[in-house]
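The primary structure of each chain is shown beneath.
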Amino acid sequence: MALPDTIAVEELFGSPLRARTSLSPDGTKIAYLAPWKNRLNVWIESVDTPGDARRVTAEDRGLQSYHWTDDPRWLLYTRDEGGDENVHLYRVDLEDPDAAAIDLTPFPGARIMGLDLPPERPGKAIFLSNSRSSAEFDLLELDIATGDIRTLAKSPGAAGFWLYSSSGDPFATNVTEDGDIELSRWDAATGTLRRVALFDGTDYPMGICPMEVTPDGTGVWLGSNRDSDRTRLVRLDLATGEETEVDSHPVHDLDTRAQVFPHLPAPLIRSRRTGELIGARYLGERQVIHALDPHFAAVLENVTKLSDGDLAAVSSDESEQRWVVSFTHDRDPGVTYYYDHSTRESRLLHRPFPHRDPEALAPMTPVTITSRDGLPLPSYLTLPVGIEPAGLPLVLCVHGGPWTRDSWGFNPVAQLFANRGYATLQVNFRGSAGFGKAFTKAAIGEFAGKMHDDLIDGVRWAIDEGYADPDRVAIIGASYGGYASLVGVTFTPDVFAAAVDAVGISNLAAFMRGQPDFVRPHLAVNWYRYVGDPADPRQEADMLARSPISRVDQIRTPLFIAQGANDVRVAQTESDNMVEALRARGVPVEYMVMEDEGHAVENPENAIALFSAVERFFGEHLDGEPDKA
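Residues numbered from 1 in each chain as written. Predicted model: local features only at pLDDT ≥ 70, side-chain atom pairs only at ≥ 80, totals over all residues. Heavy atoms only, no water.

Considering the pattern of salt bridges
Pairing between side chains of opposite charge can happen when their charged atoms approach one another. On inspection of all chains with the given rule, the structure shows 43 salt bridges. Between R73 and D93 there is a salt bridge, with its nearest N and O atoms 2.9 Å apart. In this pair, R73 sits in the loop between β5 (65–68) and β6 (74–79) while D93 sits in strand β7 (residues 88–93), placing the two residues 20 residues apart along the sequence. Its relative accessible area of 32% is what places R73 among the partly exposed residues. Taking the relative accessible area as the measure of exposure, D93 reaches 13% and is therefore buried. Of the charged contacts in the structure, one is a salt bridge between R351 and D332, with a shortest N-O distance of 3.0 Å. Linking R351 in the loop between β28 (345–350) and β29 (364–370) with D332 in the loop between β26 (322–328) and β27 (336–340), this pair joins segments that are 19 residues apart in sequence. (Salt bridge = Lys/Arg side-chain N within 4 Å of Asp/Glu carboxyl O. Helix = DSSP H or I, 4+ residues; strand = E, 2+ residues; numbered from the N terminus. Buried < 20%, exposed > 50% of the residue type's maximum accessible area, 1.4 Å probe, protein only.)

Considering the sheet that holds strand β4 (residues 54–55)
Overall, antiparallel pairing links the 4 strands, which are arranged β1-β2-β3-β4 in an open sheet. Looking at the sheet topology across the chains shown, the edges are occupied by β1 (19–23) and β4. Here 3 bridges tie β1 to strand β2 (residues 29–36), and the two strands are oriented antiparallel to one another. By the bridge assignment for β2, S22 is matched with A31. (Pairing = 2+ DSSP bridges.)

What about the sheet that holds strand β34 (residues 498–502)?
One open sheet holds the 8 strands; their spatial order is β29-β30-β32-β31-β33-β34-β35-β36, and the pairing between them is mixed. Both edges of this open sheet fall to β29 and β36 (590–594), since each of them pairs with a single strand only. Averaged over all pairs of adjacent strands, the angle between their axes in this sheet comes to 20°, without regard to strand direction. Alignment of strand β31 (residues 392–398) against strand β33 (residues 468–478), held across 6 bridges, turns out to be parallel. Looking at the pairing, L392 lines up with A468 of β33. Of the strands in this sheet, β31, β33, β34 and β35 (559–564) touch helix α6 (residues 480–491), which is tilted by about 140° from β33. (Axes fitted to C-alpha atoms, helices over the stretch in contact; angles between N-to-C directions. Contact = heavy atoms within 4.5 Å.)

The following block contains the structure:
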């Protein structure tokens, strides 16, 4: 037995040839993202005469999303500048190939969010913007053709967001002084808010998702765990505040990952024509979709036969006969099909990475690990293809958030190291979302405590099962995962032979104080509740005790730190201070700063450079005798 041929880092972390394909409302065209000058831009192509693709944007920063409008002339997309998260909305004129894209929200230092193109408001786009005040988001309506913007409602204050209702006054959500989440109706005549419902903020550390107004404006579909451990789909009556269950799964939570990662499929699948609810996504080891409409049920039955992956993005024309669907998969990600329900015919549109051989890639296997205090930890194990999975170097890959989760699908980090002969383990430690609210709330007060114990228990499981060599274990993560890596080398330095921290928190109190204006008010439902309030001296002392910067003298594990210079979530000072403290002690540390990135690494050349360096770094410290001197 032998490992497959080496897969180049460029093949795993380079740009897809096509991605995020969707169908136009009239069903005649598809749009997708594809590289131009090594940056993802929007292209369009005819459905019935494929091969006439043309590029319609010319951006020097890779695009992450775009939006068809109800007018075939206009297409919208969003982008920020260098990862600063100040997202602007742009318009493309599809009838004039020579026309430059127009920035419809040229507000300096501001961002938009919550973009909606409601069917009942043709020619309009609804979104939130903090252009008036950096800490407050107003509800705005844009005329797509003219670019005119009018304010529908001003922010109800810091931590307030809006839900658009087509049939009356909008609704506001805000975080109360006690850290709870309040939903209120806005009375434009009096300029006041009237509470409709109140939710325990501790149960929703990332807010409530989904939260979407029904087409008739009388209710809100939301993911609720009120009086339940599971997150169910309910309809909240906006007149009475009463919840009625719409749908649920007996075991799994509603899939709310898109709240943190907008490129992932939304939990609610809605009719393009009417806006009505036609499906809901749940997530356990794998995804489960419940069809809530007979027509969509028939479509779902047929399209899920196209791949053994999990159905990801879906789009249809307004007749809901023509569909474009893509799939999540551990070895063949993003495979995309066209399906005509009227004829039951389908055809493959593209694979984003046609140069990859799925058979040479490693399967991702769901496993359940029991923590030392008896908590089941849903996890994923990726083992090399072609060699005996015994006594391998192990890479513990820790997700960010922490209020999100790892899930089944293609993971380039896991595939990179599996291809090099390593095992990769992803542990959903307590505090991860999607496994019931008790599992999430078990993380309260447990940063650098039981949350970290769960990771160590995962390592011990892999060793006890014979997969991992205890002397060749590495840890890698970004954001909270970067913090976990730093905790690993400061609180449990004997466990790890190497560690990589990307945009990780080194000082919890400084991190919380440094949050941008648009984030800071929302800390009450997550960081304050789960970690502490840095304004309280006793809590700040506890936070410092849980911060890697206070235990730099414990580090003897080789450490690699990566940072985006434009990160507004975890400022560069978090990494700078860690590096400076280590170098002051004469401890070697590798440090990579990416000048054109923020909290995420989006430019392919940066991802390739980063993981080429990480591959070399792990090779130096895991392939031979570990160096912990």
